[in-house]
Amino acid sequence: MNPDTPSPPSVHVRIWDAPLRLVHWLIVLCVAISWWTSKIGELEYHRYSGYVLLGLLVFRLYWGFAGGDTARFVNFIKGPKAILAYLRQLPQRAGTSHFSVPGHNPLGALSVIVLLVLLLAQVGLGLFAGDVDGIESGPLSSYVSFETTRTCAELHEQVFNFLLGFIVLHVVAVLFYLIFKRDNLIAAMIHGRRAFHPHNSPQLRFASWPRLLIGIAIAAFTAWIIARGLKF
Amino acid sequence: MAKFAGKKSTLLLIAVGVAIAAPAGILLAHDDNATGIFKVRHDEYHKLGDAFKTVRDQSQSSTPDMAKIKTAAQVVNDASINQFKWFPAGSGPESGHKTRAKADIWAKPQDFEAAQKRFGAQGPKLLAAANSGDANAVKAQFEETAKACKNCHDTFRAPEEKH
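Residues numbered from 1 in each chain as written. Chains lettered and ligands numbered in written order. Predicted model: local features only at pLDDT ≥ 70, side-chain atom pairs only at ≥ 80, totals over all residues.

Observations regarding the overall build of chain A
Link 1 in the chain: Counting its secondary structure elements, chain A contains eight helices and two strands.
Link 2 in the chain: Reading the helices (α) and strands (β) of chain A from amino to carboxyl end gives β-α-α-α-α-α-α-α-β-α.
Link 3 in the chain: Each principal axis of the C-alpha distribution contributes one length, and for chain A these read about 70 × 35 × 35 Å.
Link 4 in the chain: The buried share of chain A, reckoned over its 232 residues, is 32%.
Link 5 in the chain: Excluding contacts between residues fewer than 6 apart, the proportion of contacts in chain A whose partners are at least 24 apart in sequence is 70%. (Helix = DSSP H or I, 4+ residues; strand = E, 2+ residues; numbered from the N terminus. Buried ≥ 20, exposed ≤ 12 C-beta atoms within 10 Å, placed from the backbone. Contact = placed C-beta atoms within 7 Å.)

See the structure below:
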């Protein structure tokens, strides 16, 4: 480090709460497990992984309305103007942009939404999918015809390709921030904190314990009842 | 701002929906040009899968429809008898036709016949369970029959073509 140009003073502020980070990494794990179990034909574990994923997605949606400031959709989904403005300063290197965005930036928000929608579509299709033999199937397949279970299975395969494409894009974007902008988003998603200029450090509110417990209850119950095929 | 964000996200959802639905249309538009024995075999196994799903769904239901189970079990039973006619020589991948039937079916006829006979033994048992009117017996026999299906598929059926 050149002593003539000291790095700007910074404070570390927590921007991601523990539930959000845990959900993020559990989604990563479950997507990997789902992929692997489908490859090797372990469909029983594939279903379990899907049920967990379903619960995680329900929780993330709930957290998008009831969670802390950085988790709420209304705080990070922005219009084309904000996205374009953000895009314009994207080529600038470290020490500028990331100091001003506590949470998802306007462009990253698009990635969040697309990934969430694709994951929901993927899990939703899996619930109704069935194999060509009428043996293996998702928990809601008994509500639809054999033909429909086959269509869902084919779409389940298709949507995974889209999902994979956007996951690659997501990882490439994060690596761009790490290498080009010297901004370690991965570490932030692990420990939850990011560096801010002292004059610019955000005042963030996080959700209370009762809200967390309600969210876990909603997510667990939804996943459980759907895994049972909506049978009480 | 919140109102705007709502509209934007709705548009985004529609865009993503279209992006997903478009390739689906292509998928569903594919027509099956199979003819002769290839068509017969494909259609019969399709019927079998459909019937097997009915047996599974109904036997696992809290209010099983025994009439549906009986009809479907009859289809499964018929397939377990007729399957021996569905693999004549020359109907393998070497024919150039699109088929998941592996060449091993004809290269190892004794092994294949043994696998077919396993299903041949299970089909009538499923029908008997269905005719007994006991949904739990059907449920148990469904599992046994499924094992016979998988046994043969694991060895003699090629993996599904990836799109």
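Considering the overall build of chain B
Link 1 in the chain: When helices and strands are counted, chain B shows six helices and zero strands.
Link 2 in the chain: Order of helices (α) and strands (β) in chain B, N terminus to C terminus: α-α-α-α-α-α.
Link 3 in the chain: Looking at chain B as a whole, 23% of its 163 residues qualify as buried.
Link 4 in the chain: In chain B, of all internal contacts separated by at least 6 residues, the share reaching a separation of at least 24 is 66%.

Observations regarding the environment of Gly138(A)
All names here are of chain A.
Link 1 in the chain: In this structure, glycine 138 sits in the loop between α5 (106-128) and α6 (146-179).
Link 2 in the chain: Along the chain, glycine 138 and alanine 227 lie 89 residues apart, while their C-alpha atoms are 8.3 Å from each other.
Link 3 in the chain: Those residues in contact with glycine 138, other than ones at most four positions away along the chain, are Gly126, Leu127, Phe128, Ala129 and Gly130.

Some thoughts on unusual backbone geometry
Residues and elements named next belong to chain A.
Link 1 in the chain: A positive phi angle, close to 50 degrees, is found at arginine 182, a residue other than glycine.
Link 2 in the chain: Along the chain, arginine 182 turns up in the loop between α6 and α7 (185-191).
Link 3 in the chain: With 11 C-beta atoms packed within 10 Å, arginine 182 lands in the exposed category.
Link 4 in the chain: For leucine 230, which is not glycine, the phi torsion reads 60 degrees and is therefore positive.
Link 5 in the chain: You can see leucine 230 is positioned in the segment after α8 (209-227).

Section: the packing of helix α3 (residues 66-82) of chain B against helix α5 (residues 109-132) of chain B
Residues and elements named next belong to chain B.
Link 1 in the chain: Look at α3 against α5: their axes get within 8 Å of each other, and the N-to-C directions meet at 160 degrees. Here α3 is positioned roughly antiparallel relative to α5, judged by the angle of their axes. For the pair α3 and α5, the crossing hand works out as left-handed. Across the interface between the two elements, Ile69, Lys70, Ala73, Gln74, Val76, Asn77, Ala79, Ser80 and Ile81 of α3 pack against Phe119, Gly120, Gln122, Gly123, Pro124, Leu126, Leu127, Ala130 and Asn131 of α5.
Link 2 in the chain: Considering only residue class, the contact of α3 with α5 consists of ten nonpolar, seven polar and one charged. (Axes fitted to C-alpha atoms, helices over the stretch in contact; angles between N-to-C directions. Parallel < 35°, antiparallel > 145°, perpendicular 65-115°, else oblique. Left-handed = near helix turned anticlockwise from the far one by under 90°. Nonpolar A, V, L, I, M, F, W, Y, C, P; charged D, E, K, R; others polar.)

As for the confidence of the model for chain B
Link 1 in the chain: Counting all residues, the mean pLDDT for chain B is 86, and 79% of those residues have values of 70 or more.
Link 2 in the chain: The spread of mean pLDDT over the elements of chain B runs between helix α1 (residues 2-29) of chain B, the lowest at 58, and α3(B), the highest at 96. (pLDDT = per-residue confidence, 0-100.)

Here we look at the environment of Ala32(A)
All names here are of chain A.
Link 1 in the chain: The topology assignment puts alanine 32 in helix α1 (residues 18-39).
Link 2 in the chain: Owing to 11 C-beta atoms within 10 Å, alanine 32 belongs among the exposed residues under this scheme.
Link 3 in the chain: Residues alanine 32 and phenylalanine 76, 44 residues apart in the sequence, show an inter-C-alpha distance of 27 Å.

A word on helix α6 (residues 135-156) of chain B
Residue and element names in this part refer to chain B.
Link 1 in the chain: The terminal C-alpha atoms of α6, which comprises 22 residues, lie 31 Å apart, in line with the 32 Å expected from a rise of 1.5 Å per residue.
Link 2 in the chain: All of the buried residues along α6 are Ala135, Val138, Gln141, Phe142, Thr145, Ala148, Cys149 and Phe156. Projection of α6 onto a plane perpendicular to its axis shows the buried side chains occupying an angular sector of 130 degrees, all on one side. Looking at α6, the residues exposed on the side facing more than 90 degrees away from the buried face are Asn136, Glu143 and Asp154.
Link 3 in the chain: Taken together, the buried residues of α6 touch α2 (36-60), α3, α4 (104-107) and α5. (Expected span 1.5 Å × (residues − 1). Arc of directions from axis to C-beta.)

A few points about α3(B)
Residue and element names in this part refer to chain B.
Link 1 in the chain: Helix length check: α3 (17 residues) gives 24 Å between terminal C-alpha atoms against 24 Å at 1.5 Å per residue, within 8%.
Link 2 in the chain: Within the sequence span of α3, burial applies to Ile69, Ala72, Ala73, Val76, Asn77, Ala79 and Ser80. Seen from one end, α3 has its buried residues packed into an arc of 160 degrees, which puts them on one side. Residues Ala67 and Ile81 are exposed on α3 and point more than 90 degrees away from its buried face.
Link 3 in the chain: On the buried face of α3, the contacting elements are α2, α5 and α6.

Observations concerning the nonpolar core
Link 1 in the chain: Ranked by internal contacts, the top residues of the largest apolar core, which has 37 residues, are Leu53(A), Leu54(A), Leu57(A), Val58(A) and Phe59(A).
Link 2 in the chain: The set of elements that each furnish at least two residues to this core consists of α1, α2 (43-66), α3 (73-76), α5, α6 and α8 of chain A.
Link 3 in the chain: Take this core: its biggest share by element is ten residues, from α5(A).
Link 4 in the chain: Every residue in contact with Val58(A), bar those within four places of it in the chain, is listed here: Ile218(A), Ala219(A), Thr222(A) and Ala223(A).
Link 5 in the chain: Of all hydrophobic cores here, the second largest spans 20 residues; its members include Ile69(B), Val76(B), Ala135(B) and Phe142(B). (Core = buried A, V, L, I, M, F, W, Y, C linked by C-beta atoms within 7 Å.)

Quick look at the packing of helix α4 (residues 80-88) of chain A against α5(A)
All names here are of chain A.
Link 1 in the chain: Where α4 meets α5, the axes come as close as 7 Å, and the angle between the chain directions of the two elements is 120 degrees. By the angle between their axes, α4 is oblique relative to α5. When α4 is examined against α5, the residues Ala82, Ile83, Tyr86 and Leu87 are found in contact with a partner set consisting of Pro106, Leu107 and Leu110.
Link 2 in the chain: Looking at the contact of α4 with α5 residue by residue, the class counts come to seven nonpolar, no polar and no charged.

Examining the environment of Pro106(A)
All names here are of chain A.
Link 1 in the chain: Along the chain, the position of proline 106 falls in helix α5.
Link 2 in the chain: Each C-alpha atom, one on proline 106 and one on glycine 134, is 45 Å from the other, the two residues being 28 residues apart in sequence.
Link 3 in the chain: With near-sequence residues (within four places) excluded, proline 106 lies in contact with Lys78, Ala82, Ile83 and Tyr86.

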